[in-house]
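# Overview (structure and organization)
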Amino acid sequence: MPKLKTEKISSPQVEAFEKDGVICVKNVLDDNWIEKMRTAVERNLLNSVGVRGSKKVQLHVVHDYSLWHRDEDFRALVFESPLAKIAAQLLKSEKLNFLGDGFFVKKPTAESSVRWHNDQPYWPVQGWKCCKIWLTLDHVTKENGRLEYIKASHLWNKELDDNSDTSWFCEPEGDKLLSWDMEPGDCLVHHFLTIHHSVTNTSSSIRRAIVTNWAGDDVTYNYRPKAWPYVPIEEIDIPEFDSMKTLKTGEPLDSNIFPKIQLD
Ligand SMILES: O=C(O)CCC(=O)C(=O)O
(Lines give C-alpha, C1' and ligand atoms only; values in the text may rest on other atoms or scores of the structure.)
Protein backbone atom coordinates (compact mmCIF):
# COMPACT_ATOMS: atom_id res chain seq x y z
CA MET A 1 0.00 0.00 0.00
CA PRO A 2 1.40 3.46 -0.84
CA LYS A 3 1.99 5.68 2.17
CA LEU A 4 -0.16 8.77 2.63
CA LYS A 5 1.50 11.45 0.50
CA THR A 6 -0.63 14.51 0.89
CA GLU A 7 -1.65 14.20 4.57
CA LYS A 8 -5.11 14.82 3.13
CA ILE A 9 -8.05 13.72 5.23
CA SER A 10 -11.29 13.21 3.26
CA SER A 11 -14.72 14.63 4.13
CA PRO A 12 -16.10 11.13 4.94
CA GLN A 13 -13.20 10.66 7.38
CA VAL A 14 -14.00 13.97 9.10
CA GLU A 15 -17.70 13.00 9.25
CA ALA A 16 -16.87 9.58 10.73
CA PHE A 17 -14.59 11.21 13.33
CA GLU A 18 -17.35 13.62 14.32
CA LYS A 19 -20.04 10.91 14.40
CA ASP A 20 -18.16 8.01 16.02
CA GLY A 21 -15.48 9.90 17.98
CA VAL A 22 -12.67 7.83 16.45
CA ILE A 23 -11.27 6.82 13.06
CA CYS A 24 -8.39 4.71 11.82
CA VAL A 25 -6.14 6.44 9.26
CA LYS A 26 -4.05 4.00 7.25
CA ASN A 27 -0.46 4.48 6.07
CA VAL A 28 0.29 7.77 7.78
CA LEU A 29 3.99 7.21 8.35
CA ASP A 30 6.45 5.52 5.99
CA ASP A 31 9.04 2.87 6.81
CA ASN A 32 11.78 5.43 7.57
CA TRP A 33 9.64 7.08 10.22
CA ILE A 34 8.60 3.73 11.65
CA GLU A 35 12.21 2.53 11.97
CA LYS A 36 13.32 5.86 13.43
CA MET A 37 10.55 5.86 16.03
CA ARG A 38 11.07 2.18 16.94
CA THR A 39 14.71 3.04 17.71
CA ALA A 40 13.63 6.14 19.65
CA VAL A 41 11.20 4.13 21.79
CA GLU A 42 13.88 1.50 22.43
CA ARG A 43 16.41 4.19 23.41
CA ASN A 44 13.96 5.75 25.86
CA LEU A 45 12.85 2.41 27.28
CA LEU A 46 16.47 1.67 28.14
CA ASN A 47 17.97 5.02 29.08
CA SER A 48 15.41 7.64 29.79
CA VAL A 49 15.21 9.09 33.27
CA GLY A 50 11.76 10.52 32.49
CA VAL A 51 10.04 13.61 33.82
CA ARG A 52 9.90 13.07 37.58
CA GLY A 53 7.46 10.21 38.06
CA SER A 54 6.60 9.95 34.37
CA LYS A 55 7.96 6.53 33.60
CA LYS A 56 5.64 3.83 34.84
CA VAL A 57 5.33 0.11 34.52
CA GLN A 58 1.72 -0.72 35.29
CA LEU A 59 1.23 -4.45 35.07
CA HIS A 60 3.09 -5.09 31.83
CA VAL A 61 2.51 -1.77 30.09
CA VAL A 62 5.48 0.59 30.05
CA HIS A 63 4.42 4.21 29.68
CA ASP A 64 6.48 7.39 29.53
CA TYR A 65 5.63 10.93 28.45
CA SER A 66 7.08 14.35 27.53
CA LEU A 67 9.68 12.70 25.32
CA TRP A 68 9.73 15.60 22.84
CA HIS A 69 11.71 17.75 25.28
CA ARG A 70 14.45 15.15 25.59
CA ASP A 71 14.65 13.28 22.29
CA GLU A 72 15.13 14.82 18.86
CA ASP A 73 13.23 12.09 17.01
CA PHE A 74 10.16 12.51 19.22
CA ARG A 75 10.48 16.25 18.64
CA ALA A 76 10.62 15.72 14.87
CA LEU A 77 7.49 13.57 15.03
CA VAL A 78 5.61 16.55 16.49
CA PHE A 79 6.98 19.31 14.28
CA GLU A 80 7.90 17.57 11.01
CA SER A 81 5.65 14.55 10.50
CA PRO A 82 2.13 14.55 8.95
CA LEU A 83 0.51 14.10 12.37
CA ALA A 84 -0.18 17.78 13.11
CA LYS A 85 -1.90 18.35 9.77
CA ILE A 86 -4.06 15.28 10.25
CA ALA A 87 -5.14 16.54 13.69
CA ALA A 88 -5.91 20.04 12.37
CA GLN A 89 -8.10 18.68 9.56
CA LEU A 90 -10.05 16.32 11.80
CA LEU A 91 -10.58 19.06 14.38
CA LYS A 92 -11.49 21.52 11.58
CA SER A 93 -9.04 23.93 13.14
CA GLU A 94 -7.01 26.77 11.70
CA LYS A 95 -4.98 26.92 14.89
CA LEU A 96 -3.38 23.93 16.57
CA ASN A 97 -1.46 23.55 19.81
CA PHE A 98 0.55 20.52 20.79
CA LEU A 99 -0.26 19.23 24.27
CA GLY A 100 2.13 16.35 24.80
CA ASP A 101 3.41 12.98 23.69
CA GLY A 102 4.12 9.57 25.16
CA PHE A 103 4.54 5.89 24.44
CA PHE A 104 2.80 2.71 25.55
CA VAL A 105 4.72 -0.54 25.19
CA LYS A 106 2.96 -3.81 25.92
CA LYS A 107 5.20 -6.72 26.69
CA PRO A 108 4.22 -10.14 25.32
CA THR A 109 2.08 -12.71 27.11
CA ALA A 110 1.27 -10.85 30.27
CA GLU A 111 -1.75 -9.10 31.73
CA SER A 112 -1.56 -5.68 30.10
CA SER A 113 -5.09 -4.37 29.70
CA VAL A 114 -5.72 -0.65 30.18
CA ARG A 115 -9.06 0.05 31.86
CA TRP A 116 -11.98 2.00 30.35
CA HIS A 117 -11.37 5.75 30.39
CA ASN A 118 -11.38 8.86 28.24
CA ASP A 119 -8.59 11.42 27.97
CA GLN A 120 -10.26 14.74 28.79
CA PRO A 121 -9.84 14.43 32.60
CA TYR A 122 -6.09 13.89 32.17
CA TRP A 123 -5.43 17.24 30.46
CA PRO A 124 -5.54 20.77 31.95
CA VAL A 125 -7.61 22.14 29.07
CA GLN A 126 -11.21 23.02 28.24
CA GLY A 127 -12.93 23.14 24.84
CA TRP A 128 -14.26 20.64 22.34
CA LYS A 129 -11.54 20.37 19.71
CA CYS A 130 -9.07 17.98 21.28
CA CYS A 131 -7.79 14.69 19.93
CA LYS A 132 -5.22 12.00 20.52
CA ILE A 133 -3.33 10.31 17.69
CA TRP A 134 -2.34 6.75 18.60
CA LEU A 135 0.37 5.66 16.17
CA THR A 136 1.29 2.00 16.02
CA LEU A 137 4.83 0.79 15.34
CA ASP A 138 3.71 -2.85 15.15
CA HIS A 139 0.92 -4.93 13.67
CA VAL A 140 -2.06 -4.67 15.98
CA THR A 141 -4.72 -7.31 16.55
CA LYS A 142 -7.08 -8.36 19.30
CA GLU A 143 -4.39 -10.82 20.42
CA ASN A 144 -1.61 -8.29 21.00
CA GLY A 145 -3.45 -5.56 22.85
CA ARG A 146 -5.54 -3.45 20.50
CA LEU A 147 -7.61 -0.45 21.59
CA GLU A 148 -11.42 -0.71 21.63
CA TYR A 149 -13.74 2.30 21.60
CA ILE A 150 -17.35 2.86 22.57
CA LYS A 151 -18.86 4.25 19.39
CA ALA A 152 -20.07 7.87 19.70
CA SER A 153 -19.37 7.97 23.45
CA HIS A 154 -17.76 11.43 23.03
CA LEU A 155 -21.32 12.71 22.58
CA TRP A 156 -22.28 11.55 26.09
CA ASN A 157 -20.20 14.42 27.48
CA LYS A 158 -19.04 12.28 30.42
CA GLU A 159 -15.56 12.12 31.90
CA LEU A 160 -14.18 8.76 32.98
CA ASP A 161 -10.96 8.32 34.96
CA ASP A 162 -9.78 6.96 38.32
CA ASN A 163 -11.47 9.81 40.17
CA SER A 164 -14.84 9.66 38.38
CA ASP A 165 -18.12 8.42 39.76
CA THR A 166 -18.55 5.36 37.51
CA SER A 167 -22.06 4.35 38.61
CA TRP A 168 -23.42 5.31 35.17
CA PHE A 169 -20.88 3.20 33.26
CA CYS A 170 -21.86 -0.21 31.80
CA GLU A 171 -19.45 -2.58 30.09
CA PRO A 172 -20.32 -2.18 26.36
CA GLU A 173 -21.19 -5.05 24.04
CA GLY A 174 -20.73 -6.13 20.41
CA ASP A 175 -21.78 -3.53 17.89
CA LYS A 176 -21.35 -0.64 20.34
CA LEU A 177 -17.58 -1.17 20.00
CA LEU A 178 -15.17 -0.01 17.31
CA SER A 179 -11.71 -1.48 16.79
CA TRP A 180 -9.29 -2.10 13.96
CA ASP A 181 -6.51 -4.45 12.98
CA MET A 182 -3.60 -2.18 12.10
CA GLU A 183 -0.24 -2.14 10.34
CA PRO A 184 2.89 -0.24 11.43
CA GLY A 185 2.44 3.43 10.47
CA ASP A 186 -1.37 3.39 10.81
CA CYS A 187 -3.00 5.73 13.33
CA LEU A 188 -6.14 5.89 15.41
CA VAL A 189 -7.41 9.39 16.03
CA HIS A 190 -9.93 9.82 18.85
CA HIS A 191 -11.74 12.71 20.46
CA PHE A 192 -10.69 13.39 24.07
CA LEU A 193 -14.14 12.33 25.32
CA THR A 194 -14.35 9.02 23.44
CA ILE A 195 -14.29 6.18 25.96
CA HIS A 196 -11.77 3.43 25.23
CA HIS A 197 -9.67 0.69 26.73
CA SER A 198 -7.02 -1.71 25.49
CA VAL A 199 -6.93 -5.47 25.86
CA THR A 200 -4.17 -7.73 27.15
CA ASN A 201 -1.32 -8.73 24.88
CA THR A 202 -1.73 -12.50 24.83
CA SER A 203 0.59 -12.89 21.81
CA SER A 204 4.30 -13.64 21.89
CA SER A 205 5.34 -10.28 20.41
CA ILE A 206 5.76 -6.76 21.74
CA ARG A 207 3.19 -4.01 20.89
CA ARG A 208 4.60 -0.46 20.71
CA ALA A 209 2.57 2.73 20.21
CA ILE A 210 3.32 6.45 20.36
CA VAL A 211 0.65 8.95 21.34
CA THR A 212 0.45 12.66 20.53
CA ASN A 213 -2.24 15.00 21.89
CA TRP A 214 -3.55 18.05 20.04
CA ALA A 215 -5.84 21.01 20.75
CA GLY A 216 -7.70 23.18 18.23
CA ASP A 217 -9.26 26.65 17.91
CA ASP A 218 -11.62 26.66 20.87
CA VAL A 219 -9.34 25.13 23.50
CA THR A 220 -8.00 27.10 26.47
CA TYR A 221 -6.04 26.31 29.61
CA ASN A 222 -8.02 24.87 32.53
CA TYR A 223 -6.22 24.28 35.83
CA ARG A 224 -6.90 20.75 37.07
CA PRO A 225 -4.81 19.72 40.07
CA LYS A 226 -4.85 15.99 39.28
CA ALA A 227 -4.23 16.25 35.53
CA TRP A 228 -1.02 16.05 33.46
CA PRO A 229 1.88 16.47 34.31
CA TYR A 230 0.73 14.74 37.54
CA VAL A 231 3.55 16.20 39.68
CA PRO A 232 4.08 19.79 40.89
CA ILE A 233 5.57 21.84 38.05
CA GLU A 234 8.23 23.23 40.42
CA GLU A 235 9.67 19.73 40.66
CA ILE A 236 10.13 19.31 36.90
CA ASP A 237 13.52 20.43 35.59
CA ILE A 238 12.56 20.81 31.91
CA PRO A 239 12.69 24.52 30.90
CA GLU A 240 9.48 24.42 28.80
CA PHE A 241 7.44 23.63 31.91
CA ASP A 242 8.29 27.08 33.39
CA SER A 243 5.78 28.65 30.99
CA MET A 244 3.01 26.61 32.59
CA LYS A 245 3.49 28.29 35.96
CA THR A 246 1.90 31.51 34.71
CA LEU A 247 -0.96 30.07 32.59
CA LYS A 248 -4.39 30.89 33.99
CA THR A 249 -7.71 29.14 33.44
CA GLY A 250 -9.45 30.48 30.33
CA GLU A 251 -6.24 31.78 28.71
CA PRO A 252 -5.02 30.67 25.26
CA LEU A 253 -2.64 27.73 25.38
CA ASP A 254 0.15 29.34 23.32
CA SER A 255 3.30 28.85 25.38
CA ASN A 256 6.55 26.90 25.34
CA ILE A 257 4.86 23.95 26.98
CA PHE A 258 1.86 23.90 24.60
CA PRO A 259 3.49 25.18 21.39
CA LYS A 260 1.42 26.58 18.56
CA ILE A 261 2.06 24.53 15.43
CA GLN A 262 2.90 26.14 12.09
CA LEU A 263 0.39 24.50 9.73
CA ASP A 264 1.35 25.79 6.28
O1 LIG B 1 -1.75 1.92 24.25
C2 LIG B 1 -2.58 1.47 25.04
O3 LIG B 1 -2.71 0.27 25.23
C4 LIG B 1 -3.49 2.38 25.81
C5 LIG B 1 -3.46 3.79 25.32
C6 LIG B 1 -4.56 4.64 25.87
O7 LIG B 1 -5.53 4.16 26.38
C8 LIG B 1 -4.45 6.09 25.77
O9 LIG B 1 -3.44 6.59 25.28
O10 LIG B 1 -5.39 6.80 26.21
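Residues numbered from 1 in each chain as written. Predicted model: local features only at pLDDT ≥ 70, side-chain atom pairs only at ≥ 80, totals over all residues.

## Brief notes about the sheet that holds strand S9 (residues 177–178)
If you trace the four strands from one edge of the open sheet to the other, you get S5-S11-S8-S9, paired in antiparallel fashion. Both outer strands of the open sheet, strand S5 (114–117) and S9, are each paired with one neighbouring strand and no more. As judged from the two bridges shared by S5 and strand S11 (residues 196–198), these two strands associate in the antiparallel manner. Residue Val 114 lies in a different strand from S11, and its bridge partner there is Ser 198. (Pairing = 2+ DSSP bridges. Helix = DSSP H or I, 4+ residues; strand = E, 2+ residues; numbered from the N terminus.)

## What about the site of the ligand?
Contacts to the ligand come from Phe 104, Val 114, Asp 119, Lys 132, Trp 134, Gly 145, Leu 147, His 196, Ser 198, Ala 209 and Val 211. Counting residues per element, the ones that place at least two in the shell around the ligand are strand S7 (130–136), S11 and strand S12 (207–215). (Near = placed C-beta within 6 Å.)

## Side note on the pairing of S7
Most of S7 is tucked away, with seven of its seven residues classed as buried. Every second residue of S7 is oriented toward a common face, with Cys 130, Lys 132, Trp 134 and Thr 136 on one face and Cys 131, Ile 133 and Leu 135 on the other, all of them buried. By the bridge criterion, seven bridges tie S7 to S12 in an arrangement that is antiparallel. The partner of Leu 135 across the bridge, within S12, is Ile 210. (Buried ≥ 20, exposed ≤ 12 C-beta atoms within 10 Å, placed from the backbone.)

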